[in-house]
There are 2 protein chains.
Amino acid sequence: MDDSTPRAVTMRDVAQAAGVSVSTVSHVVNNKKGARIGKDAWERVQRAIQELGYRPNAMAKDLVKGRSRFIGLVADVIASTPFAGQIIRGAQDEAWRHGYVLLVANTEGNEAAETEAIAMMLEHKVRGVLYSAWYHREVELPAGLSETDCVLVNCFASGSDVPAVVPDEVAGGREATRMLLAAGHRRIGFINTTTPSPAHDGRLEGYRQALADAGVPFDPALVVDARPEQEGGFDAVGPLLAQEVTGVFCHNDRVAMGVYDGVRELGRRVPEDLAVVGFDNQEVIAAHLRPPLSTVALPHYELGQVGVRVLLGLDAAADDGRVVVACPPVHRSSVSITAPA
Amino acid sequence: MDDSTPRAVTMRDVAQAAGVSVSTVSHVVNNKKGARIGKDAWERVQRAIQELGYRPNAMAKDLVKGRSRFIGLVADVIASTPFAGQIIRGAQDEAWRHGYVLLVANTEGNEAAETEAIAMMLEHKVRGVLYSAWYHREVELPAGLSETDCVLVNCFASGSDVPAVVPDEVAGGREATRMLLAAGHRRIGFINTTTPSPAHDGRLEGYRQALADAGVPFDPALVVDARPEQEGGFDAVGPLLAQEVTGVFCHNDRVAMGVYDGVRELGRRVPEDLAVVGFDNQEVIAAHLRPPLSTVALPHYELGQVGVRVLLGLDAAADDGRVVVACPPVHRSSVSITAPA
């Protein structure tokens, strides 16, 4: 491709075509208050803008205002899961709704790239920056972010007053456990993750709360920590069935997928021999397992959306800086409607 | 959050701190050739920039040059698959390598959003626009894109000379079929998609070429079209086994996942009773099936990367405007090493 571009249409071209002065065109383009322009001249300018395809220079306009219409979004990983994509989509839809454009930078955990991305955003005078993680975790706030408004999305920084929009892990764990309780299960296993994280602690707390609410005593033998992938779920099936568990809450949908394989390997069936509930509602997996997986949704779209709303001052954070977003249950067919004998 | 921001550090602040004139600071900041500035003054300015945290206004600098450091990327869907994320990541890494920043807009198939996104990019004087689709398909080029350099990524526009970077579906289909042929299989089924697409036609052509190269006659009874999801694969297993097929090439990894379930349902095993090859190499699925799935990778990262290279004139398109990117085989454990009897 060659490096030349067609000469851009200028305000001068518009003025010439409309038979008015450049300053008249400028007043029309910038919708200047108090400028006296006749209806006829105003219409001629609009027509010339249409016909010539004149595009006002957004950078020049932003420069005059001293601030751009950009909101920055720094994402740690967007390549290997659809999660970050949903955060981006939620943030973008909400940004557009308020006349902003999302500038996305993806760092893949590279600190130099992150510093550079944030510097670029500051140079472009962004309205603020959303700093997001693909899984809910504690982060250290990059230094550059103190120079602009910032909202953390799906992460938080301890000892900082920067607002943090995070999923309600405790309520999510409660919802998942309740799906099994509601079907009559009493010996309910929980395959938690081996990764120390808010998800690990919050979902366990929710599991315990739901059991307590239902008057079912907590039995630590029914909780196992496993690698949060298919393999971790597969290996946990034998030990849990040996504990006479009839339903299991899995840390995520991938673990649940491994549980399905483990149950089949033993010649048993979901949900007849073991009811299964996941977490995430990862579309390519959850809806298409046999039977389709009952799970709890991680609200990535909403996290991005609420992040923008907090940044723009449309939603307020709690006193501790947190904004929690609900994780709703998604009912499919992996929990039997009546409890096994 | 309140709407006030701390007063930005200006060039005047830097000049005062360094004890030089504003024009000297400007010359240092813009690295102006021919300006005579003493080493001592130059260092004082640099130190003041550091200490005060002065950030040159990127928009102002770009405006002077009449072109920004942005490359636009319009993506149709980024929410529900990791594919678009990988295209974005590839494009972004390559853009950064050449001093550009990627402006991402996601339209979710909404034509009004698309028109607005492209207009926004043109207003910001982008260096050019990558227009991408999450699955390889024909698109109609939006009108606004004729005003800037454009490269299509994972899509193409018939009758247009706009360069199109696309996966090599034919070679990918050949690779998948060869994995089964190399293991000694001769009755090889192909579960293709019901969606008319370059993937449908190209992979079928590759399957036929590989069979012909190996001297295996093409048997249309071994090719079935199915919904490109787990359910489509599940339902195809019975009919294919009735045709005494020993290996099957699946249109994508999700179909392969359904085939695994169908094989188990009949009390049979992968790969002993049926060898399986997928397409996509979708990380959350392929590597974690039991047994791990042999497949062919769709090179989304490379599509984004090559898209930027073509836009910047670093890679050239063929005479027909196409740039094809290879789909490499990924060997795991779902193809037996010796053919079943």
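Parameters at a glance
- Residues numbered from 1 in each chain as written.
- Chains lettered and ligands numbered in written order.
- Predicted model: local features only at pLDDT ≥ 70, side-chain atom pairs only at ≥ 80, totals over all residues.
- Heavy atoms only, no water.
- Helix = DSSP H or I, 4+ residues; strand = E, 2+ residues; numbered from the N terminus.
- Polar contact = N/O pair within 3.5 Å; in protein donor to acceptor, adjacent residues only side chain to side chain.
- Contact = heavy atoms within 4.5 Å.
- Pairing = 2+ DSSP bridges.
- Axes fitted to C-alpha atoms, helices over the stretch in contact; angles between N-to-C directions.
- Buried < 20%, exposed > 50% of the residue type's maximum accessible area, 1.4 Å probe, protein only.

Engineer: Just checking my understanding: could you explain the side chain of His136(B) for this structure?
Structural biologist: Residue and element names in this part refer to chain B. Residue position: His136 is located in strand β3 (residues 129–138). Within polar-contact distance, the side chain of His136 engages the side chain of Glu169 at 2.8 Å. For His136, the residues in contact, after removing those within four places along its chain, are Asn154, Phe156, Val166, Pro167, Glu169, Ser197 and Pro198.

Engineer: It is not clear to me how unusual backbone geometry should be interpreted in this structure. Could you clarify?
Structural biologist: Glycine aside, negative phi is the norm for most residues, and most peptide bonds take the trans geometry. Backbone torsion omega between Arg290(A) and Pro291(A) reads -5 degrees, so that peptide bond is classified as cis. Topologically, Pro291(A) is positioned in the loop between α11 (283–286) and β10 (295–296). At Asn154(B), a position not held by glycine, the phi torsion is positive, near 65 degrees. In this fold, Asn154(B) is placed in strand β4 (residues 150–156).

Engineer: What's the story with the sheet that holds strand β8 (residues 247–250) of chain A in this structure? I'm lost.
Structural biologist: Sheets are built from strands paired through backbone hydrogen bonds, the pairs being either parallel or antiparallel. Residues and elements named next belong to chain A. The strand order across the open sheet built from four strands is β7-β6-β8-β9, with neighbouring strands paired in parallel fashion. Unpaired on one side and paired on the other, β7 (223–226) and β9 (275–277) mark the two borders of the sheet. On average, each strand axis in the sheet is tilted by 20 degrees relative to the strand beside it, whichever way the strands run. Contacts from helix α7 (residues 169–182) reach β6 (188–193), β8 and β9, with the element oriented near 165 degrees to β8.

Engineer: Got a minute to help me understand the pairing of strand β6 (residues 188–193) of chain B in this structure?
Structural biologist: Each regular strand carries side chains that alternate between the two faces of the sheet. Residues and elements named next belong to chain B. For β6, a buried count of six out of six residues is recorded, marking the element as mostly surrounded by other parts of the structure. The alternating pattern of β6 places Ile188, Phe190 and Asn192 on one face and Gly189, Ile191 and Thr193 on the opposite face, and all of these are buried. Pairing between β6 and strand β8 (residues 247–250): four bridges, direction parallel. Within β8, the position partnered with Phe190 by the bridge is Phe249.

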